[in-house]
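# Coordinate analysis (summary)
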Amino acid sequence: QVHLVESGGGLVQAGGSLRVSCATSARTFSEYAMAWFRQAPGNEREFVAAISRRGTSTYSADSVKGRFTISRDSAKNAVYLQMNSLKPEDTAVYYCAAAWGSPRDITKKENFNYWGQGTQVTVSS
């Protein structure tokens, strides 16, 4: 069982920056692909960004390309999402997710086994 705990959400003005973090209990952290998804009220949970097990590959949704960066720290068993140039439409609950190994499609939430409780990010206009 892997426990994921997100932190770092909050309220920020449009154009601002925020970094959300995800701490994991995974003893073999480097064996898990990690990702961030988000869900706004009334919407489906959508892919934001993902990073491969060893951090050699990253993936981003078109809506956040060039603004958000995912990274991981094996020494801290943590994954981060740096969000710059935030827009009101980025407002959502952000979820950290983990998948053992290398999912066939790292952008699909169905391929992730473990989820955090989420952290709220609100961007005001």
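Refer to the preceding data block for the structure.
Residues numbered from 1 in each chain as written. Predicted model: local features only at pLDDT ≥ 70, side-chain atom pairs only at ≥ 80, totals over all residues. Heavy atoms only, no water.

## Concerning the sheet that holds strand β7 (residues 68–73)
Strands sit in the order β1-β3-β8-β7 across an open sheet of four strands; the sheet is antiparallel. Two strands close off the open sheet at either side, each with one partner strand: β1 (4–7) and β7. Here the strands of the sheet are splayed against their neighbours by 15° on average, with no regard to which way each runs. Where β1 meets strand β3 (residues 18–24), four bridges bridge the pair, whose relative direction is antiparallel. From the neighbouring strand, Ser7 faces β3, where its bridge partner is Ser21. (Pairing = 2+ DSSP bridges. Helix = DSSP H or I, 4+ residues; strand = E, 2+ residues; numbered from the N terminus. Axes fitted to C-alpha atoms, helices over the stretch in contact; angles between N-to-C directions.)

## Focus: the pattern of salt bridges
Note that side chains of opposite charge can pair when their charged atoms are close. One pass over the full model with this rule turns up seven salt bridges. Between Arg53 and Glu31 there is a salt bridge whose closest N-O contact spans 2.9 Å. Residue Arg53 is found in the loop between β5 (46–51) and β6 (58–60), and its partner Glu31 is found in the loop between β3 and β4 (32–39); the two are separated by 22 residues along the sequence. Residue Glu31 is classed as partly exposed on the basis of its relative accessible area, which comes to 22%. As a salt-bridge pair, Asp90 and Arg67 come within 2.8 Å of each other at their nearest N and O atoms. Placement of Asp90 in the loop between β8 (78–83) and β9 (92–100) and of Arg67 in the loop between β6 and β7 is noted, with a sequence separation of 23 residues between them. Residue class for Asp90 comes out buried when judged on its relative accessible area of 1%. A single salt-bridge network, built from bridges that share partners, covers Arg38, Glu46, Arg67 and Asp90. (Salt bridge = Lys/Arg side-chain N within 4 Å of Asp/Glu carboxyl O. Buried < 20%, exposed > 50% of the residue type's maximum accessible area, 1.4 Å probe, protein only.)

## Here we look at unusual backbone geometry
The backbone of Asn77 sits at a positive phi, close to 50°, despite the residue not being glycine. Considering the arrangement of structural elements, one finds Asn77 in the loop between β7 and β8. Although it is not a glycine, Ser85 sits at a positive phi angle of roughly 50°. Within the element layout of this structure, Ser85 appears in the loop between β8 and β9.

Remember that the coordinates give geometry; whether it matters functionally is a separate question.
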